[in-house]
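# Structural description and commentary
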Amino acid sequence: MTEEREHYEAVVVGCGPGGAAAAARLADHGVETLVLERGVEAGSKNVSGGLIYAEESAPYTIDDLFEGFREEAAERPVTDYQIHNIAGNKVKSYDLTDLHEHDTDWCDAVLRRKMDSRLEARVHEKTSETGGGVLTNVRVNGLLRDDGEIVGVTCDELDPIEADLIVAADGVNSELARDAGLMDWEEPDEWFQGVKAVVDMEPDVIDDRFDIDEDEGAAHLFSGDLFEDVRGGGFLYTNEDSLSIGTVFHLDSLVAEQAEPHELLDALLTHPVMAHWLGDEYDEREYGAKLVPDSKKVAHREPYRDRLVLVGDAAGQMQAQGPIIKGMNHAVTGGALAADAFAITRGNADPEAAGRRYAKLLEESGTMDKLRPRRYDLARTVGERDVVTNAVERVLDSRVGSLALGNPVADRVLKRAYNSPFLVSMIPDTRTGYVTVPAIVGEEHGRTIRWENGVEPPSLEARIGGLTYDTDVGNPHIELLDDSAEASEAAVYACPVSAEDFGGGCYRTEQVQTNGDEETVVSLDTQPCVECGTCAIVADTAWEHPRGGKGVEYREG
Amino acid sequence: MRSLVLTKGVPDFSEGAVSFDEDGHLERGKTPTVMNPNDEFAVRAALQTKVRHGGHVSGMSMGPPGYGDVLQEAMESVYTDDSYLLSDRELAASDTWATAITLSAGIEKYREEVADVDLVFAGFKTADGETGQTGPQTCWALDWPIVTHVIALDIDPDERRLRAKRLVEGDVDEIETVEAPLPCMVITDPEFEPAYRKASHRLTHKRLRDETEERAADHDEHLTTWDHVDLNLDPDYIGLDGSPTIVSSVDPIPKAPSEREATMIDPHDGDAMEPVLEELQPFAGSD
Ligand SMILES: Cc1cc2nc3c(=O)[nH]c(=O)nc-3n(C[C@H](O)[C@H](O)[C@H](O)COP(=O)(O)OP(=O)(O)OC[C@H]3O[C@@H](n4cnc5c(N)ncnc54)[C@H](O)[C@@H]3O)c2cc1C
Ligand code: SF4
């Protein structure tokens with residue numbers, strides 16, 4: 001009983017903000033759209049900081065596509081925004097409202113399980129009307145090709161499916177982008193790693209400690225010497241009845257400093273500056289982590305091949321605008337523009353017509369220039385060359401530098417610089433911006449914080465124990481290809497659920513005797529894996545996502 | 001496609017739910033009734049047919065009025081369209097034979113008055129009786145082909161045939177593939193796995209689930225009850241009077257008395273370990 005292959009007009013892989021936007025917009029255009037999501041429910045695999053922005057200049061915002069989004073799916077709007085420059089116990093805080101409000105219509109904190117699952121329900125409603133719908137628990141494992149041309153997708157759980165348009169909205173570590181040869185997973189300096197804790201807190205306690213009303217919210221960023229020399233920073237956002245606290249670091253820096261991500265998070269949680277907000281009772285609801293691409297380096301200028309288009313993180317459309325992280329909003333834009341491009345070129349015999357139009361729309365709407373500012377490409381070539389960086393560092397570290405940054409004029413200039421979207425978009429990714437300057441600012445202008453912080457963050461073991469897993473026993477989704485220390489040891493510390501001298505994580509090292517020599521080898525157990533993607537980049541692995549519905553299940557995100 | 005799925009209630013044997021009296025007899029009144037666990041595979045097979053080929057599935061059960069809940073459970077879990085309960089005092093205490101006679105009468109009435117039937121699904125055996133006879137006996141009464149121990153099922157509606165994989169247990173377990181014409185009775189094996197390898201199947205599955213929610217909440221509206229008069233059955237041939245099998249007594253299996261004693265020994269405690277090592281001495285190797 002042989003049957004014909006199934007065919008849909010459009011198949012969207014992934015139901016995060018990018019996939020949801022693409023699917024909703026495709027349905028608006030009357031396109032028969034099938035959405036495939038590997039989680040048990042949309043959001044169960046996703047982690048964000050997260051503040052979702054509605055930019056005034058953006059062609060689409062999430063509430064354009066999903067009416068009532070803010071009431072239904074978001075937490076608190078951000079009404080107070082600050083950055084804290086930290087040097088030891090000294091802290092200098094700047095109001096970041098100007099930068100935050102630049103081009104911003106509104107900005108809300110979100111938790112991804114809630115947000116994405118609500119979007120999923122709306123997307124299912126919309127796409128059902130045009131003969132499609134959303135299916136969860138389905139993992140797409142590759143591209144279907146006919147004579148070398150991409151014509152559809154293959155899945156673990158379903159027979160191959162053909163489509164006229166394939167939208168890869170499968171996030172960071174997009175297996176489809178890799179399969180199409182549009183993204184590689186090679187260079188740690190093209191990624192950030194985000195680690196996050198969701199902390200339980202009663203709404204009125206939040207109002208009280210952050211001095212806000214119930215319909216207001218606070219956002220705080222942290223940089224300086226709090227994280228030693230690792231390039232990155234911390235964040236704290238208020239939700240309705242919880243806080244999102246986390247860190248985002250350059251992956252290459254984590255590797256170079258051999259830093260343990262969970263310890264960096266703990267450094268933030270236990271800093272005196274947090275004492276007032278966290279109080280004495282610390283109740284962590286969830287620990288999570290995920291990679292984030294750096295659009296400045298990897299946002300694809302031609303994110304398509306044949307009938308395949310990439311949107312959101314899969315296309316590298318994740319903008320770190322200085323300390324402000326904008327990924328979800330751009331995923332929404334990318335998804336909606338890809339849908340429009342397909343609608344405009346519908347019926348065109350050229351399989352790449354939609355992709356080309358999509359790339360054009362990304363350019364014309366100004367989205368590409370936000371993601372990949374040309375001035376950054378220019379600044380980077382000088383700024384990141386070691387000689388220059390070291391020279392700048394040396395000057396800043398000297399008395400002259402401290403004096404220069406330390407004088408009152410510098411204080412005002414710096415505050416303005418932080419709030420300049422133009423300047424922050426071209427700060428080269430060096431230690432200077434993340435560590436040196438903030439630390440000097442903190443040292444020179446800060447006040448000493450003497451609060452006692454009584455927070456005792458849970459151990460890694462307890463954090464893993466608090467997560468929900470449906471382990472695919474006997475079918476690990478990551479394979480270690482090279483177990484030598486040289487190839488894969490970086491994963492032992494960079495993996496957010498592994499640590500040196502911790503036996504309960506994914507990666508660990510062992511000493512083995514070979515021909516009288518002692519050798520360090522790396523071993524892997526994927527059971528505690530949170531699917532962050534780090535070891536796909538920093539270790540020598542064959543890396544895939546688990547089958548549909550398997551693996552970690554986030555409740556908060 | 002029009003299918004009927006036969007299901008019955010059994011006492012909920014799960015921990016905490018089941019209740020025994022002092023003599024170890026089941027207290028039916030105190031133990032809730034749930035769908036016979038093996039019937040779940042039958043209802044899943046019926047659902048697979050509906051999802052893949054469309055059509056209508058009715059649940060049918062013989063038993064006390066309380067079995068309405070079981071039919072409701074079937075509606076909630078596998079989205080049956082409606083339910084038929086064969087219930088009557090005269091039907092009480094039926095053995096498998098009398099049950100089969102009654103069920104086949106129910107099926108015949110359904111075919112005459114509701115719609116003709118392509119497939120009848122039944123579970124492999126009940127959790128409280130364990131005979132495994134009712135399905136085949138019902139089929140015998142209908143004079144239909146029957147395929148038992150089904151673990152996978154494919155239907156060709158145009159050819160009006162089915163193809164099934166059966167698990168044949170023996171010295172070596174074998175999987176046998178058989179074909180049969182419709183109408184046919186299908187007895188599922190607990191290994192039965194529905195397969196939804198098409199996106200359209202899964203979308204239909206989801207749509208049926210959404211549609212069923214309201215219907216299942218209002219189950220009484222979709223429940224038809226037939227008694228022996230409706231079924232045109234002679235009381236002498238059904239219920240206790242029509243049951244040749246008599247279960248004379250049911251004895252609990254005595255538990256083996258525990259004779260062994262266990263002592264916890266700290267392996268690092270040398271003195272305490274000594275007697276253990278002595279015991280092990282004879283088993284140790286020559287060196
Ligand atoms: C710690 C942290 C903080 C962040 N903070 C912010 C912030 O404050 N503001 C902001 O805007 N952004 C933030 N981001 C970035 C933001 O989360 C991402 O840019 C955004 O989620 C990208 O959306 P997306 O739709 O492209 O991908 P995702 O949201 O990752 O969605 C991808 C979806 O695809 C599914 N999927 C993946 N592979 C498959 C497959 N093979 N088959 C089927 N389904 C699949 C996944 O389960 C997932 O649901 C942060 C990220 C992190 C990690
Ligand atoms: S094993 Fe790899 S993907 Fe999993 S949590 Fe660790 S680094 Fe992330």
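In the block above lies the structure referred to throughout.
Throughout, residues of each chain are indexed from 1 in the direction in which the sequence is written. Whichever chain is written first becomes A and whichever ligand is written first becomes 1, with later ones labelled in order. The predicted nature of this model means local features are confined to residues of pLDDT at least 70 and side-chain atom pairs, given and counted, to a pLDDT of 80 or more, with totals for whole chains, interfaces and linings taken over all residues. Only hydrogens and water are set aside when side-chain values are computed; all heavy atoms of the structure are taken into account.

## As for the site of ligand 1
All names here are of chain A. Each residue is tested against the molecule or strand, and it is near if at least one of its non-hydrogen atoms lies within 4 Å. Close to ligand 1 lie 36 residues; Glu 37, Ser 48, Leu 51, Arg 112 and Asp 313 are nearest. Nitrogen and oxygen atoms within 3.5 Å of one another constitute a polar contact, given that in protein one can donate a hydrogen and the other can accept it, and given that sequence-neighbouring residues count only through two side-chain atoms. Within the side chain of Glu 37, an N or O atom sits 2.6 Å from an oxygen atom of ligand 1. A distance of 3.2 Å separates a nitrogen atom of ligand 1 from a polar atom in the backbone of Arg 38. To be clear on the numbers: accessible area is Shrake-Rupley with a 1.4 Å probe, and residue cover counts the displayed protein chains and nothing else. A total of 1,000 Å² of accessible area belongs to ligand 1 in isolation, and the protein chains cover 98% of it. Helix and strand assignments follow DSSP, with helices taken as H or I runs no shorter than four residues and strands as E runs no shorter than two, numbered in order from the N terminus. When contributions to the shell around ligand 1 are tallied by element, the ones reaching two or more residues are α1 (17–28), β15 (284–293), β19 (324–326) and α12 (328–345). Polar here means any residue outside two lists: the nonpolar Ala, Val, Leu, Ile, Met, Phe, Trp, Tyr, Cys and Pro, and the charged Asp, Glu, Lys and Arg; Gly therefore counts as polar. Split by residue class, the shell around ligand 1 holds 14 nonpolar, twelve polar and ten charged.

## Looking at the pairing of strand β2 (residues 33–36) of chain A
Looking along a regular strand, one sees the side chains alternate between the two faces of the sheet. Residue and element names in this part refer to chain A. Here β2 shows no split at all, with Thr 33 and Val 35 on one side and Leu 34 and Leu 36 on the other all buried. Both strand β1 (residues 6–13) and β2 contribute to a ladder of four bridges, which runs parallel. Along β2, the bridge assignment pairs Ala 10 with Thr 33. Two strands make a pair as long as DSSP finds a minimum of two bridges between them. Across three bridges, the pairing between β2 and strand β7 (residues 133–135) is parallel. The residue bridging Leu 36 from the neighbouring strand is Leu 135, located in β7. Buried, partly exposed and exposed residues are distinguished by accessible area as a fraction of the type maximum, computed with a 1.4 Å probe on protein chains only: under 20%, between the cut-offs, and over 50%, respectively.

## Notes on the packing of helix α2 (residues 68–78) of chain B against helix α5 (residues 199–217) of chain B
All names here are of chain B. Only the stretch in contact is used when a helix axis is fitted, and all axes are lines through C-alpha atoms; the angle between N-to-C directions ranges over 0 to 180 degrees. Across the interface, α2 lies against α5 with an axial gap of 8 Å and an inter-helix angle of 165°. On the basis of the axis angle, α2 is roughly antiparallel to α5. Judged by the twist between their axes, the crossing of α2 over α5 is left-handed. Contact with α2, carried on its side by Gln 72, Met 75 and Glu 76, involves Thr 212, Arg 215, Ala 216 and Ala 217 of α5 and no other residues of that element. In terms of residue class, the contact of α2 with α5 is made up of three nonpolar, two polar and two charged. Any angle between 65 and 115 degrees counts as roughly perpendicular, while under 35 counts as roughly parallel, over 145 as roughly antiparallel, and the rest as oblique. Here a crossing is taken to be left-handed if its near helix is turned anticlockwise relative to the far helix by less than a right angle, and right-handed if that turn runs clockwise. In what follows, residue pairs with any heavy atoms lying within 4.5 Å of each other are defined as contacts.

## Some words on the pattern of salt bridges
Criterion for a salt bridge: a side-chain nitrogen of Lys or Arg within 4 Å of a carboxyl oxygen of Asp or Glu. Tallying each qualifying case throughout the model produces 50 salt bridges over all chains. Here A:Asp266 and A:Arg463 are joined by a salt bridge, their closest N and O atoms 3.0 Å apart. Of the two residues, A:Asp266 is situated in helix α9 (residues 261–269) and A:Arg463 in helix α21 (residues 460–465); the sequence distance between them amounts to 197 residues. Assessed through its relative accessible area of 17%, A:Asp266 is described here as buried. A:Arg463 gets classed as buried once you look at its relative accessible area, which sits at 3%. A salt bridge links B:Glu113 to B:Lys109; its shortest N-O distance comes to 2.9 Å. Of this pair, B:Glu113 and B:Lys109 both sit in helix α3 (residues 96–113), four residues apart, which is roughly one turn of the helix.

## Some thoughts on the packing of aromatic side chains
Classification of ring pairs uses Phe, Tyr and Trp, with its six-membered ring standing for Trp, and accepts pairs whose centres are within 6.5 Å; under 30 degrees between planes counts as stacked, over 60 as edge-to-face, and the remaining range as tilted. For the structure on display, the rule yields eight aromatic pairs over all chains. Relative to B:Trp226, the ring of B:Tyr84 lies with its centre 5.1 Å away and its plane at 45°, an arrangement referred to as tilted. Of this pair, B:Tyr84 sits in strand β5 (residues 82–86) while B:Trp226 is found in strand β11 (residues 223–226), placing the two residues 142 residues apart along the sequence. Pair check on accessibility: B:Tyr84 and B:Trp226 agree, each one buried. A connected cluster of aromatic rings, assembled from ring pairs, spans A:Phe210, A:Phe222 and A:Trp277. The ring of A:Trp185 has A:Arg178 lying over it, and the distance from NZ or CZ to the ring centre is 4.1 Å. Consider the ring centre and the ring normal. A charge sits over the ring if Lys NZ or Arg CZ is within 6 Å of that centre and within 35 degrees of that normal. Positioned above the aromatic ring of B:Trp226 is the side chain of B:Lys109, whose terminal nitrogen or guanidinium carbon lies 5.1 Å from the ring centre.

## What to know about the packing of α12(A) against helix α13 (residues 353–364) of chain A
All names here are of chain A. Their axes nearest at 8 Å, the elements α12 and α13 cross at an angle of 130°. What the angle tells us is that α12 and α13 run oblique. Crossing geometry of α12 relative to α13 is assigned as right-handed. Packed against α12, whose contacting residues are Gly 334, Leu 337, Ala 338, Asp 340, Ala 341, Phe 342, Ile 344 and Thr 345, the element α13 presents Ala 353, Ala 354, Arg 357, Tyr 358, Leu 361 and Leu 362 at the interface. Taken together, the residues of the contact of α12 with α13 break down into ten nonpolar, two polar and two charged.

## Re the site of ligand 2
Taken together, 13 residues are adjacent to ligand 2, and A:Cys495, A:Cys529, A:Cys532, A:Gly533 and A:Cys535 come closest. Considering only residue class, the shell around ligand 2 consists of ten nonpolar, two polar and one charged.

## Let's talk about the nonpolar core
Residue and element names in this part refer to chain A. The criterion is simple. A nonpolar core is a set of buried Ala, Val, Leu, Ile, Met, Phe, Trp, Tyr and Cys residues joined through side-chain atoms within 4.5 Å. Core analysis: the biggest nonpolar cluster contains 68 residues, and Phe 222, Ile 245, Met 274, Tyr 507 and Val 530 have the highest contact counts within it. Sort the elements by how many residues they give to this core and helix α23 (residues 490–494) lands first, with five residues. The residues touching Phe 222, leaving out its near neighbours within four places in the chain, are His 84, Ile 86, Phe 227, Gly 233, Gly 234, Phe 235, Leu 236, Leu 268, Val 273, Met 274 and Trp 277. Counting residues in each nonpolar core, the second largest holds 46 residues, with Cys 15, Ala 24, Ala 42 and Ile 62 among its members.

## Some points on the environment of A:Asn46
Residue and element names in this part refer to chain A. Along the polypeptide, Asn 46 turns up in the loop between β2 and β3 (51–55). Residues Asn 46 and Val 530, spaced 484 residues apart in sequence, show a C-alpha to C-alpha distance of 10.0 Å. In this structure the side chain of Asn 46 is engaged in a polar contact, spanning 2.7 Å, whose partner is the side chain of Asp 116.

## Remarks on the pairing of strand β4 (residues 56–62) of chain B
All names here are of chain B. Extensive coverage of β4 is indicated by the burial of six of its seven residues. In this structure, strand β1 (residues 2–6) lies alongside β4, joined through five bridges in parallel fashion. Bridge pairing in β4 places Ser 3 opposite Val 57. Bridge count between β4 and β5: five bridges; the pairing is parallel. Among the inter-strand pairings, Ser 61 is bridged to a residue of β5, identified as Leu 85.

## Considering a negative patch on the surface
Only residues whose relative accessible area exceeds 30% and that form no salt bridge are eligible for patches; like-charged ones are grouped when within 9 Å, while nonpolar side chains (Val, Leu, Ile, Met, Phe, Trp, Tyr) are grouped when within 5 Å. By the counting rule applied here, Lys and Arg register as positive and Asp and Glu as negative, while His and the ends of each chain are not counted. Working definition for charges: the position is that of NZ of Lys, CZ of Arg, CG of Asp or CD of Glu. Taken together, the side chains of A:Glu202, A:Asp204, A:Asp208, A:Asp211, A:Asp213, A:Glu214 and A:Asp215 present a region of like negative charge at the surface. Along the chain, A:Asp204 turns up in helix α7 (residues 203–210).

## Some details on the side chain of A:Asn329
Residues and elements named next belong to chain A. Of note, Asn 329 is situated in helix α12. A relative accessible area of 8% means that Asn 329 is categorised as buried. Beyond its immediate chain neighbours, meaning those up to four positions away, Asn 329 contacts Tyr 53 and Glu 55.

## Topic: unusual backbone geometry
At the junction of A:Gly49 and A:Gly50, the peptide bond is cis and its omega measures out at 0° in the coordinates. Secondary-structure assignment places A:Gly50 in the loop between β2 and β3. Across the junction of B:Leu182 and B:Pro183, the peptide omega takes the value 0°, indicating a cis bond. With respect to the helices, strands and loops of the structure, B:Pro183 is situated in the loop between β9 (174–181) and β10 (184–188). A positive phi angle, near 60°, is found at B:Asp143, a position not held by glycine.

## Details of helix α4 (residues 134–142) of chain B
All names here are of chain B. The complete set of buried residues in α4 reads Gly 135, Gln 137, Thr 138, Cys 139 and Leu 142. Where α4 is buried, its residues contact β1, α3, β7 (146–156) and β10. With its phi angle positive at about 60°, Asp 143 sits one or two positions after the end of α4.

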